[in-house]
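# Chains, contacts and geometry: an overview
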Amino acid sequence: MTSLLERTSIGPNTYTFRSLEQLLKPYEGKSLLTPREANTLNFHIVENLMVENCDRDTLKILARYLSKKGLDDLVEERVTNHYCGYPLCRFHDPKQIKEMQINKLVAKLKMPRYYLSKFCCKRHYQATEFYKKQLSADVLFMRTNINQPFFQSDTYENSIVLLEEYFEAKKNKGSINLNTPAMNELMELMEKMQIEDDEGDDGVKGANETNGTNGAHEVADMDKSMSDISIVEKEGPQESSRNYAGSVGYQ
Ligand SMILES: [Zn+2]
């Protein structure tokens with residue numbers, strides 16, 4: 001499995017939208033979950049996605065249920081199972097992807113040594129961060145209207161753009177309209193992040209980076225740029241539960 005396209009392709013064990021629908025059946029029709037239900041659902045999400053990969057629709061719909069912390073937990077579990085942390089990717093390598101004791105400075109600067117033990121390549125680390133920045137910080141049981149039909153205009157998932165989709169839209173291959181305020185903001189972010197579409201080659205080469213001082217700077221810059229992003233938080237159902245921002249604890 002060498003190309004990124006291959007790594008994110010649908011395989012025999014890919015978790016699909018259909019499987020997700022089954023997982024969500026017990027919560028059908030509920031616009032609000034109890035803390036217990038939310039914890040159980042989060043547990044099942046991690047349990048089902050900690051190996052192999054999922055399809056794009058699944059990853060987008062997960063934005064409805066996953067908090068930033070929830071995504072971190074999922075990435076950690078995937079790493080424990082030696083899978084690339086990016087849920088769209090089915091790269092598996094116990095030699096590369098593993099829990100590692102990493103010195104604090106390396107972790108803080110997000111040097112290649114840090115992210116390459118969690119992701120197959122720099123691109124998938126970036127794609128995960130890109131996705132995470134669009135997730136709501138609200139815990140699941142505080143979210144309302146989670147029973148809306150999938151991909152309706154004002155749903156969490158409808159405003160999510162995956163990094164892959166961004167590049168496809170740029171090449172006019174995708175269905176995403178680049179002329180929306182949200183896309184314009186994303187495009188600015190992309191420029192700040194200096195992520196170029198390299199068909200994934202650079203990303204794959206990244207797996208062999210060992211002394212990546214430049215890479216570390218680039219990624220640190222990207223993190224800085226990403227702290228400015230507020231695309232998703234500005235719209236959609238997230239707003240309604242902002243009053244509860246103080247009630248952390250259930251993540
Ligand atoms: Zn990967």
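Details of the structure are given in the entry above.
An account of the accompanying structure is given in this report.

Scoring rules and cut-offs
- Residues numbered from 1 in each chain as written.
- Predicted model: local features only at pLDDT ≥ 70, side-chain atom pairs only at ≥ 80, totals over all residues.
- Heavy atoms only, no water.
- Helix = DSSP H or I, 4+ residues; strand = E, 2+ residues; numbered from the N terminus.
- Buried < 20%, exposed > 50% of the residue type's maximum accessible area, 1.4 Å probe, protein only.
- Contact = heavy atoms within 4.5 Å.
- Areas by Shrake-Rupley, 256 points an atom, 1.4 Å probe, with all protein chains shown as cover.
- Donors = N, O, S within 2.8 Å, 3.2 Å for Na, K, Ca; no water.
- Tetrahedral: all angles 85-135°; square planar, octahedral: opposite > 155°, others 65-115°.
- Phe/Tyr/Trp six-rings, centres within 6.5 Å; stacked < 30°, edge-to-face > 60°.
- Lys NZ or Arg CZ within 6 Å of the ring centre and 35° of its normal.
- Core = buried A, V, L, I, M, F, W, Y, C linked by side-chain atoms within 4.5 Å.

### Observations concerning the overall build of the protein
A count of helical and extended segments in the protein gives 12 helices and 0 strands. Out of the 251 residues in the protein, the part that is buried amounts to 47%. Across the protein, the fraction of contacts at a sequence separation of at least 24, relative to all contacts at a separation of at least 6, is 75%. Surface summary for the protein: the accessible area is close to 12,800 Å², and the carbon and sulfur share equals 49%.

### Quick notes on the coordination of the zinc ion
Protein ligation of the zinc ion involves Cys84 (SG), Cys89 (SG), Cys120 (SG) and His124 (ND1), the donor distances falling in the range 2.1 to 2.4 Å. Geometry at the zinc ion is tetrahedral, judged from the 4 donor atoms that bind it and their angles of 98 to 119° at the metal. The motif formed by the donor residues of the zinc ion, counted along the single chain, is C-x4-C-x30-C-x3-H.

### Overview of the packing of aromatic side chains
Applying the stated criterion across every chain yields a total of 4 aromatic pairs. A ring pair is formed by Tyr115 and Tyr125, whose centres lie 4.8 Å apart and whose planes are at 5°; its orientation type is stacked. With Tyr115 in helix H7 (residues 112-115) and Tyr125 in helix H8 (residues 122-134), this pair connects stretches of sequence that are 10 residues apart. As far as the burial class goes, Tyr115 and Tyr125 line up, both buried. Judged by centre distance (5.4 Å) and plane angle (70°), the rings of Tyr166 and Phe167 are edge-to-face. Residue class for Tyr166 comes out buried when judged on its relative accessible area of 4%. The class of Phe167 is buried, set by a relative accessible area of 6%. Following the ring pairs from residue to residue traces out a cluster consisting of Tyr115, Phe119 and Tyr125. Between Arg143 and the ring centre of Tyr156, over which it is positioned, the NZ or CZ distance is 5.1 Å.

### Re the side chain of Glu37
With respect to the element layout, Glu37 can be found in helix H3 (residues 35-49). Once residues within four sequence positions are removed from consideration, Glu37 is found in contact with Tyr27, Lys30 and Leu32.

### A word on the nonpolar core
Among the nonpolar cores identified, the biggest contains 53 residues, and Leu41, Ile45, Tyr65, Leu66, Tyr86 and Tyr131 are the most heavily contacted of them. Elements represented by at least two residues in this core include exactly helix H2 (17-24), H3, helix H4 (56-62), helix H5 (68-80), H7, H8 and helix H9 (163-170). Considering every element that reaches this core, the biggest residue donor is H3, with 5 residues. In this structure Ile45 touches Leu23, Leu62, Tyr65 and Leu66, once residues within four positions along its chain are discounted.

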